[in-house]
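Chain residues, written in single-letter form:
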Amino acid sequence: MKKILLLLLALTLFFPAFAQYQPENPLTHEMTEEERERLPEVLRDFYPTDPPDPPVRMVAEFEHMQGVLVRYPFGVPVSLIAEMSENVVVTTIVNGFSEQQTVTNIYQGAGVNMENTDWLTAPSDSYWTRDYGPWFVVNGNNDVGISNFPYNRPSRPNDNDIPIALANHLGVELYGMPLIHTGGNWMCDGWSTGASTELVVEENPSLSTDSIGSLVENYLGIERYFVIDDPLGDYIKHIDCWSKFLD
């Protein structure tokens, strides 16, 4: 499945590490009040496409991956990036050549395996790559592609476009699924079962539960989609805060 099975979401959701590595005044993982009010705007410029040729299978988090996606300035320790680079390709989002050179110097000083580095030159707004990053799917022709979705953070348009930039970078098909979502509120087992909290319903008020189910089935191959109450109550309602599917 080519070099792309890779970047299966992002190994950037290490909450204990963030306190040390957050840049000043970052956009946090929580939605701002402005974003809450502007949420319907994320569909305005979104470009939907036909779904992948069936049968569609979404890659599970626990499957073997060829790479990870991080963004500079980082949200994880460089020592972790160095450790990951020993086994997989680390693709780093930078905003241009100058920033790439800066990161190269940081990587070399930290012992990152430079043979396992790749660069995605694109503007970004934050380092929450798990939330806005690509969702990889395999279509009925056994080709890997990316299912894109409107990211539920309307004041972060550059983050929202990262899956598009990555699909172009990798030369793979991009499928536009018109469902407001976030990677932190998504789990799948690689065998047609997925789960999210009720946030996906709350953020798509124009869609019925059946319509949401049809979208995830057509674009992601999810036939059993469990939408459940978040036991944490008034937090960000991301399922990955308290649940993981295991192999």
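One can find the structure itself at the top, above this paragraph.
Residues numbered from 1 in each chain as written. Predicted model: local features only at pLDDT ≥ 70, side-chain atom pairs only at ≥ 80, totals over all residues. Heavy atoms only, no water.

> I'd like to hear about the overall build of the protein chain, residue by residue, with values.
When helices and strands are tallied, the protein chain shows nine helices and 10 strands. Going through the 247 residues of the protein chain one by one, you find that 54% of them count as buried. In the protein chain, of all internal contacts separated by at least 6 residues, the share reaching a separation of at least 24 is 78%. When the accessible surface of the protein chain is split by element, carbon and sulfur atoms take 49% of a total near 11500 Å². (Helix = DSSP H or I, 4+ residues; strand = E, 2+ residues; numbered from the N terminus. Buried < 20%, exposed > 50% of the residue type's maximum accessible area, 1.4 Å probe, protein only. Contact = heavy atoms within 4.5 Å. Areas by Shrake-Rupley, 256 points an atom, 1.4 Å probe, with all protein chains shown as cover.)

> Report on the pattern of salt bridges, specifying residues and quantitative values.
This structure, assessed with the given rule, holds six salt bridges. Linking Arg57 and Glu63 is a salt bridge whose minimum nitrogen-to-oxygen distance equals 2.9 Å. When its relative accessible area of 26% is taken as the criterion, Arg57 is described as partly exposed. As a salt-bridge pair, Arg130 and Asp240 come within 2.5 Å of each other at their nearest N and O atoms. Of this pair, Arg130 sits in helix H5 (residues 129-132) while Asp240 is found in the segment after strand E10 (224-228), placing the two residues 110 residues apart along the sequence. You can call Asp240 buried: its relative accessible area is 9%. Beyond isolated ion pairs, a larger network of salt bridges with shared partners links Glu61, Arg130, Asp240 and Lys244. (Salt bridge = Lys/Arg side-chain N within 4 Å of Asp/Glu carboxyl O.)

> Got a sec to walk through the packing of aromatic side chains? Specific residues and values, please.
By convention here, two paired aromatic rings are described through the distance between centres and the angle between planes. Under the definition given, this model contains eight aromatic pairs. Pairing Tyr132 with Tyr151 gives two aromatic rings, centres 5.9 Å apart and planes at 65°, and the pair type is edge-to-face. You can see Tyr132 sitting in helix H5 and its partner Tyr151 sitting in the loop between strand E6 (144-148) and helix H6 (157-160), a full 19 residues away along the chain. What makes Tyr151 buried here is its relative accessible area of 1%. Look at Trp135 and Phe149: their rings are 4.4 Å apart centre to centre, the planes differ by 40°, and that puts the pair in the tilted class. Here Trp135, found in strand E5 (residues 135-138), pairs with Phe149, found in the loop between E6 and H6; they are 14 residues apart in sequence, far enough to count as distant. Phe149 carries the same exposure label as Trp135, and that label is buried. Put simply, the rings of Tyr72, Phe74, Tyr107 and Trp119 pair up and form one aromatic cluster. (Phe/Tyr/Trp six-rings, centres within 6.5 Å; stacked < 30°, edge-to-face > 60°.)

> Which residues make up the side chain of Thr129, and what values go with them?
Position of Thr129 relative to the elements: it lies in helix H5. Separated by 3.1 Å, the side chain of Thr129 and the backbone oxygen of Leu69 make a polar contact. (Polar contact = N/O pair within 3.5 Å; in protein donor to acceptor, adjacent residues only side chain to side chain.)

> For the nonpolar core, give the residues involved together with the corresponding values.
If you look at the biggest cluster of nonpolar residues, it comprises 36 residues, and the most contacted ones within it are Met177, Trp186 and Leu220. If one sorts the elements of this core by residue count, helix H9 (residues 209-220) sits on top with five residues. Excluding its chain neighbours within four sequence positions, the residues that come into contact with Leu220 are Val56, Arg57, Met58, Trp135, Val137, Ser147, Met177, Trp186 and Leu215. Membership of the second largest hydrophobic core comes to 18 residues, among which are Val70, Leu80, Met84 and Trp119. (Core = buried A, V, L, I, M, F, W, Y, C linked by side-chain atoms within 4.5 Å.)

> Describe the environment of Thr182, listing the residues and the values that go with them.
If you trace the backbone, Thr182 turns up in the loop between strand E7 (174-176) and strand E8 (187-188). Classification of Thr182 as buried rests on a relative accessible area of 1%. Taking the C-alpha atoms as reference points, Thr182 and Asp131, separated by 51 residues in sequence, lie 5.0 Å from one another. Apart from the residues within four sequence positions on either side, Thr182 is in contact with Asp131, Trp135, Phe149, Tyr151, Asn152 and His238.

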